[in-house]
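# A closer look at the structure
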Amino acid sequence: KEEVKVEVEDDRVLQISGERNVAKEDKNDTWHRVERSSGKFLRRFRLPENARMDQVKASMENGVLTVTVPKVEEKKPEVKAIEISG
């Protein structure tokens, strides 16, 4: 959670970036091995026109990042049934 950053830019761009560092160590009486891997990642997504930029939320649970971007509700045209005579 501390290594991941979620940002929203003014021009409707959602940016997710982070860094990971993993160290694995194996050891016995005759040998000792340490394996390290690290790396950075960055993903950028352009959000649609109807995205509510002020209500973007992010949560992390069990290592899974969930980003919620609500949309502005579009008013649907009202449909009125017309009685057919005859």
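If you're wondering where the values come from, they're calculated on a predicted model, not measured in any experiment.

## Brief notes about the overall build of the protein
The secondary structure content of the protein amounts to 0 helices and 5 strands. When the elements of the protein are put in sequence order from the N terminus, they spell out β-β-β-β-β. Computed over its C-alpha atoms, the radius of gyration of the protein comes to 24 Å, more than 25% above the 12 Å expected for a compact globule of 86 residues. When the backbone C-alpha atoms are referred to their principal axes, the protein occupies close to 100 × 35 × 15 Å.

## Some points on the sheet that holds strand E3 (residues 32-46)
Two modes of strand pairing occur in sheets, parallel and antiparallel, and in both the strands are linked by backbone hydrogen bonds. The 3 strands lie next to each other as E1-E2-E3, forming an open sheet whose pairing is antiparallel. The open sheet terminates on both sides in strands that have one partner only, identified here as strand E1 (4-9) and E3. Each neighbouring strand pair of the sheet contributes to a mean axis angle of 10 degrees, computed without reference to strand direction. Taken together, the 6 bridges between E1 and strand E2 (residues 13-27) define a ladder with antiparallel strand orientation. Bridge pairing in E2 links Val8 to Leu14.

## What to know about the confidence of the model for the protein
Model confidence for the protein is summarised by a mean pLDDT of 89, while 100% of its residues fall at 70 or above. The secondary structure element of the protein with the lowest average pLDDT is E2, at 89, and the one with the highest is strand E4 (residues 57-61), at 93.

## Comments concerning the pattern of salt bridges
Pairs can form between side chains of opposite charge once their charged atoms are near each other. Per the stated rule, a full pass over the model turns up 6 salt bridges. Here Glu7 ties to Lys5 by a salt bridge, and the two come within 3.8 Å at their closest N and O atoms. With relative accessibility at 30%, the residue Glu7 sits in the partly exposed group. We classify Lys5 as partly exposed; its relative accessible area is 46%. One connected set of salt bridges, linked through shared partners, spans Asp26, Arg33 and Glu35.

## With respect to a nonpolar patch on the surface
There is a patch of nonpolar side chains on the surface, built from Val6, Met60 and Leu65 and spanning about 180 Å² of accessible area. If you trace the backbone, Leu65 turns up in strand E5 (residues 64-68). Classification of Leu65 as partly exposed rests on a relative accessible area of 30%.

Scoring rules and cut-offs
- Residues numbered from 1 in each chain as written.
- Predicted model: local features only at pLDDT ≥ 70, side-chain atom pairs only at ≥ 80, totals over all residues.
- Heavy atoms only, no water.
- Helix = DSSP H or I, 4+ residues; strand = E, 2+ residues; numbered from the N terminus.
- Rg over C-alpha atoms; globule rule 2.2 N^0.38 Å.
- Pairing = 2+ DSSP bridges.
- Axes fitted to C-alpha atoms, helices over the stretch in contact; angles between N-to-C directions.
- pLDDT = per-residue confidence, 0-100.
- Salt bridge = Lys/Arg side-chain N within 4 Å of Asp/Glu carboxyl O.
- Buried < 20%, exposed > 50% of the residue type's maximum accessible area, 1.4 Å probe, protein only.
- Patch = residues over 30% accessible without salt bridge, like charges linked within 9 Å, V, L, I, M, F, W, Y side chains within 5 Å.
- Areas by Shrake-Rupley, 256 points an atom, 1.4 Å probe, with all protein chains shown as cover.

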